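Letter by letter, the chains look like this.
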Amino acid sequence: MKIMTWLLVVPGLVWAVLRMGGWDRGILVQLLSFTAYVAAWSWLPLIFALARRQWLAAAVALVAAGALTVAVLPRALSARITPAGAGVGIQVMTSNMLLGGADPTAIVDLVREHDVDVLAVQEFTPEAETGLKAARLDQLLPYSSLAPVPGAGGSGLYSRFPITDPGAGRNGGGFHQAYGTIAPPGAQPLLVESAHPAAPSAVSMLKDWRADLRAEPHADPRGTARVLLGDFNATLDHAELRDLIAHGYRDAAAVVGRGLVPTWGIYHGPRHYPPITIDHVLVDERIGVREVQVHRIPRSDHRAVLAWLTVPAVAATPEAK
């Protein structure tokens, strides 16, 4: 029975060491995506060890369960942050269109229903562009920075406000990232980019996945505020994404206690995985987060993420005496 107890305890301990040490290498990159599930399971070996009065095993199990819980639980705890002083509210949304096949009407309906100001799309094809136009997205968000590409590599950015300096870069993994600068009325300029690093779908792709995440733009506290939103192909249990966030960002969903709401996994197609959270809205630390919602999109394996933000307002001009 002692062997059985340790067989239950050791996997949780190993997982905790790998997660806390940031040792996501090889196949561990894919496995660590499911850390939230392991964190919930990790309390069972502790209960089992206590019931068997195996105190050393119980102590080890407590350390493992505690470490995993500390890593995961904060994402479910709300800590709404609004910048000091007056700000301007905007709504942003990101949606992966699954090779351009997602239902464009459903996307446009969400934009209309929630008064979305900025929409970022990934896996954006010429057919997807045509579908969104037919659904009259341009009447709601008339400005755009688009890079439609057949397959999974396309990217798009639609805005209610004029976009300056539009463009689209191509990352090492082959996906494009549309970007531009917007200036909502009364707000300071805001850099927005539709993020889509390579997917760690095979060990051979890990080099591109890691390089793409490292190449994502960092927030500059002395420059223009930035929002980076899209399909990051990474959870908060991946060290590369945590490192990106540490460079001046916050994960909007984690700020409002929605960081464990899954966005990919079981929503379309024949393959079903335990759902995980790989679509994110990363906001500059100067930007407040009021709410985050996740919505299913027909014919896409990703759910759309909407975030209600408060961006810095234009500084008031002193009145002349």
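Residues numbered from 1 in each chain as written. Predicted model: local features only at pLDDT ≥ 70, side-chain atom pairs only at ≥ 80, totals over all residues. Heavy atoms only, no water.

K.L.:
Hey, could you run me through the overall build of the protein in this one?
P.N.:
Helix and strand counts for the protein stand at 11 helices and 12 strands. In terms of overall dimensions, the protein is globule-like: its C-alpha atoms have a radius of gyration of 21 Å, near the 20 Å expected for 321 residues. By its C-alpha atoms, the protein is 75 × 55 × 35 Å across when sized along the principal axes. When the 321 residues of the protein are sorted by exposure, 53% land in the buried category. Taking all contacts inside the protein whose residues are at least 6 apart in sequence as the whole, residues at least 24 apart take part in 67%. (Helix = DSSP H or I, 4+ residues; strand = E, 2+ residues; numbered from the N terminus. Rg over C-alpha atoms; globule rule 2.2 N^0.38 Å. Buried < 20%, exposed > 50% of the residue type's maximum accessible area, 1.4 Å probe, protein only. Contact = heavy atoms within 4.5 Å.)

K.L.:
Any chance you could explain the packing of helix α4 (residues 43-51) against helix α5 (residues 55-72) here in plain terms?
P.N.:
The relative placement of two packed helices is expressed as an angle between their axes plus a distance between the axes. One way to put it is that α4 packs onto α5 with a least axis distance of 8 Å and a crossing angle of 160 degrees. Comparing their axes, α5 and α4 come out roughly antiparallel. Of the two elements, α4 crosses α5, and the hand of that crossing is left-handed. For the pair formed by α4 and α5, the contact residues are Trp43, Pro45, Leu46, Ala49 and Leu50 on the first element and Trp55, Ala57, Ala58, Ala61, Leu62, Ala65, Gly66 and Thr69 on the second. Considering only residue class, the contact of α4 with α5 consists of 11 nonpolar, two polar and no charged. (Axes fitted to C-alpha atoms, helices over the stretch in contact; angles between N-to-C directions. Parallel < 35°, antiparallel > 145°, perpendicular 65-115°, else oblique. Left-handed = near helix turned anticlockwise from the far one by under 90°. Nonpolar A, V, L, I, M, F, W, Y, C, P; charged D, E, K, R; others polar.)

K.L.:
It is not clear to me how the packing of helix α9 (residues 206-215) against helix α10 (residues 239-246) should be interpreted in this structure. Could you clarify?
P.N.:
Relative orientation of the contacting elements α9 and α10 amounts to 10 degrees, with a least axis distance of 9 Å. Taken together, the axes of α9 and α10 lie roughly parallel to each other. In contact with Trp209, Arg210, Leu213 and Arg214 of α9, α10 contributes Glu240, Leu241 and Leu244. Split by residue class, the contact of α9 with α10 holds four nonpolar, no polar and three charged.

K.L.:
How should I be thinking about the sheet that holds strand β8 (residues 225-231) in this particular structure?
P.N.:
Think of a sheet as strands paired side by side through backbone hydrogen bonds, with each pair either parallel or antiparallel. Pairing is mixed across the open sheet formed by six strands, whose spatial order is β5-β6-β7-β8-β10-β9. Looking at the sheet topology across the chains shown, the edges are occupied by β5 (163-170) and β9 (249-251). With strand direction ignored, the average angle separating the axes of adjacent strands in the sheet is 20 degrees. Summarising the sheet, β9 and strand β10 (residues 279-284) pair through three bridges and their orientation is antiparallel. Within β10, the residue paired with Asp251 across the bridge is Leu282. (Pairing = 2+ DSSP bridges.)

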